[in-house]
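Fold and contact review
Listed below, chain by chain, are the residues.
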Amino acid sequence: RPFHVEPTNIVSVDDDTHRVTDEASAMNKRIHYYSRLASPAHRALIAPDHVLPAPDEIYVYSPLGTAFKIDSYTDGHGKNSSIVTIFMIWNTMMGTSILSIPWGIKQAGFTSGIILILLMGILTLYCCYRVVKSRKMIPLIDTSHWEFPDVCKYYFGSFGQWSSLLFSMVSLVGAMVVYWVLMSNFLFNTGKFIYNFVHNINVTEIIPGTNGSNKVICPGAAKDYPPGNGSVTLFSGNSTSFELFEEWWDKSQTVPFYLIAALLPLLNLKSPSFFAKFNVLGTVSVVYLVFLVTVKAARLGIHLEFNWLTEDEFFVPEFRILFPQLTGVLTLAFFIHNCIITLLQNNRNQENNVRDLSVAYFLVGLTYLYVGVIIFASFPSPPLSKECIEQNFLDNFPSDDIMSFVARIFLLFQMMTVYPLLGYLARVQLLGQVFGNVYPSVFHVLVLNIAIVGAGVAMARFYPNIGGIIRYSGATCGLAFVFVYPSLIYMISLRRAGQLTWPALIIHIFIILLGLANLIAQFLL
């Protein structure tokens, strides 16, 4: 099939000279990528600070909300060792989904939950490998600066370009909505803890929970009690100030609006690269969560009872019809497909890409399994039912729990530094594509940011269910980037090369159908 090739993209070899140099450095590739987002007539898109690192440092971030600086592990040419590459991939995928894994296991059933984590890890790894290979299967063109949306545009034209933009925006905006809901949650609990501590207020939760120093609560049962913030207060003195505090410090009525004053101005900054310096807290937060889970499990013990098909008062069946809710969460939990090319092209030894990607996925799956299984297994049943496990498992610990308070502080600060980066990425992708300029005017940027923030506030106010938001956005963007595009591109490449076989065709059509079924099931269950 004939196609147009621009002369500047051809990799040429002169008989009297050596081949053109190996790949350009990682820094130059990122600069080139950003410069292509603006039209030649609009040079307002200048490579921001975070893609112009010093020779010995590099920033890595993804739409899923992690970013960090590497300043001592490169070889001086912008290349990373295998161990750094594996850590980068692990750190990038470790997002907010980890908080919902125990809830997802509860929805699927303990045994089927473990099986699904393993199967989804293998499936998304295979599709991720297809994404990495897709760029290399294009003949005669230098694709060293291409990202996966460029590959989609090559194969599917303007439809591939704009559809990949749409699904990428779904993942970005979905992540930002989840962040707003979680930040509202963490800010509410943190403020409540500080207020009670400063005023020496002893708050007794009226919702069901265990007794003792390792208290676990069941917020979902609050619907059986009078409305309010779910607590009664035991202290001496005038209670007017506390009642006023509870009125103005409400998780869904007021706190989501308070965040606007802090975050909306930050979204309007032309370059939020300053915040990338703090995002190493993402790694610290995940490590601390693993530590918290381990300590809590050691204190609570293991509470398991295997009921294969029937439910009882305290336990759930091993296999449940609600399992697609977990697969939706896992699609986003293992989602790295829209930035994996960038991460792997900086690997010093390109021949190790498959191995390093596989090891990183194994570590991610192991982390999810550990947190999910330990929280589910140690949840005290009886006296509480496993159905009490919340979509954010930190909600199962009261606001006055010290370890949970520290975790919320870490996560709140980390998310507040990542949120402007996510907004900048949304601005680059949407405004850069539509207007050819990532900052066409203050008005354009403000309208976009108000729309994104408004979506977050609305969800925090009316639908503060991060598990639901994650599974819907994960299944939607995963349909394109995980299941459909990698499989279609691979089949088209094989067909053009005359190597497409019936087994390959059947397998990849089946993968596409799995992704479609995963999305449809989110709206049925």
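Residues numbered from 1 in each chain as written. Predicted model: local features only at pLDDT ≥ 70, side-chain atom pairs only at ≥ 80, totals over all residues. Heavy atoms only, no water.

Per an unreviewed UniProt entry, the protein carries the name Neutral amino acid transporter 9 and comes from Eudromia elegans. Within the UniProt record for the protein, the comment given under Sequence similarities (unreviewed entry) is "Belongs to the amino acid/polyamine transporter 2 family. SLC38A9 subfamily." (UniProt positions renumbered as here; feature names shortened; annotations may be inferred.)

Details of the packing of aromatic side chains
The full count for this structure, using the stated rule, is 20 aromatic pairs. Ring geometry for Phe110 and Phe306: centres 6.2 Å apart, planes at 55°, overall tilted. With Phe110 in helix H4 (residues 110–134) and Phe306 in the loop between helix H8 (281–300) and helix H9 (324–333), the pair connects residues that are 196 residues apart, well separated along the chain. For Phe110, a relative accessible area of 9% translates into the label buried. Phe306 gets classed as partly exposed once you look at its relative accessible area, which sits at 45%. A centroid spacing of 5.8 Å and a plane angle of 25° characterise the contact between Trp249 and Tyr258, whose relative ring orientation is stacked. Its relative accessible area of 17% is what places Trp249 among the buried residues. (Phe/Tyr/Trp six-rings, centres within 6.5 Å; stacked < 30°, edge-to-face > 60°. Helix = DSSP H or I, 4+ residues; strand = E, 2+ residues; numbered from the N terminus. Buried < 20%, exposed > 50% of the residue type's maximum accessible area, 1.4 Å probe, protein only.)

Observations regarding H8
Between the first and last C-alpha of H8 there are 28 Å, a value that for 20 residues agrees with the 28 Å anticipated at 1.5 Å per step. Gly301 lies just past H8 and shows a positive phi near 85°. (Expected span 1.5 Å × (residues − 1).)

Let's talk about the nonpolar core
One finds Leu99, Ile340, Phe393 and Tyr419 to be the most contacted residues of the largest nonpolar core, which totals 135 residues. Sort the elements by how many residues they give to this core and helix H5 (residues 148–198) lands first, with 22 residues. For Leu99, the contacting residues outside a window of four places in its chain are Leu182, Phe186, Leu289, Gln391, Asn392, Phe393, Leu394, Leu411 and Ile466. (Core = buried A, V, L, I, M, F, W, Y, C linked by side-chain atoms within 4.5 Å. Contact = heavy atoms within 4.5 Å.)

Focus: the side chain of Glu318
Within the fold, Glu318 resides in the loop between H8 and H9. It is Lys386 that comes nearest to the buried, bridge-free Glu318 among opposite-charge side chains, at 9.3 Å. Among the polar contacts listed, one links the side chain of Glu318 to the side chain of Thr111, at a separation of 2.6 Å. Ignoring anything within four residues of it in the chain, the contact list for Glu318 reads Ala108, Gly109, Phe110, Thr111, Ser112, Glu305, Phe306, Asn307 and Trp308. (Lys, Arg positive; Asp, Glu negative; His and termini not counted. Salt bridge = Lys/Arg side-chain N within 4 Å of Asp/Glu carboxyl O. Polar contact = N/O pair within 3.5 Å; in protein donor to acceptor, adjacent residues only side chain to side chain.)

Considerations on the state of the cysteines
One covalent bond between the sulfur atoms of two cysteine residues makes up a disulfide. By the definition in use, this model includes one disulfide. Here Cys218 engages in a disulfide with Cys388; their sulfurs sit 2.1 Å apart. Measuring the twist about the S-S bond at about -80°, one finds the Cys218-Cys388 disulfide to be left-handed. Taken together, the residues span a long stretch of sequence, with Cys218 in the loop between strand S3 (202–205) and strand S4 (231–234) and Cys388 in the loop between helix H11 (353–378) and helix H12 (402–435) at a distance of 170 residues. Residue Cys218 is classed as buried on the basis of its relative accessible area of 5%. Not part of a disulfide, Cys128 finds its nearest cysteine sulfur in Cys339, a span of 8.4 Å. The buried category is assigned to Cys339, whose relative accessible area is 10%. (Disulfide = S-S within 2.5 Å.)

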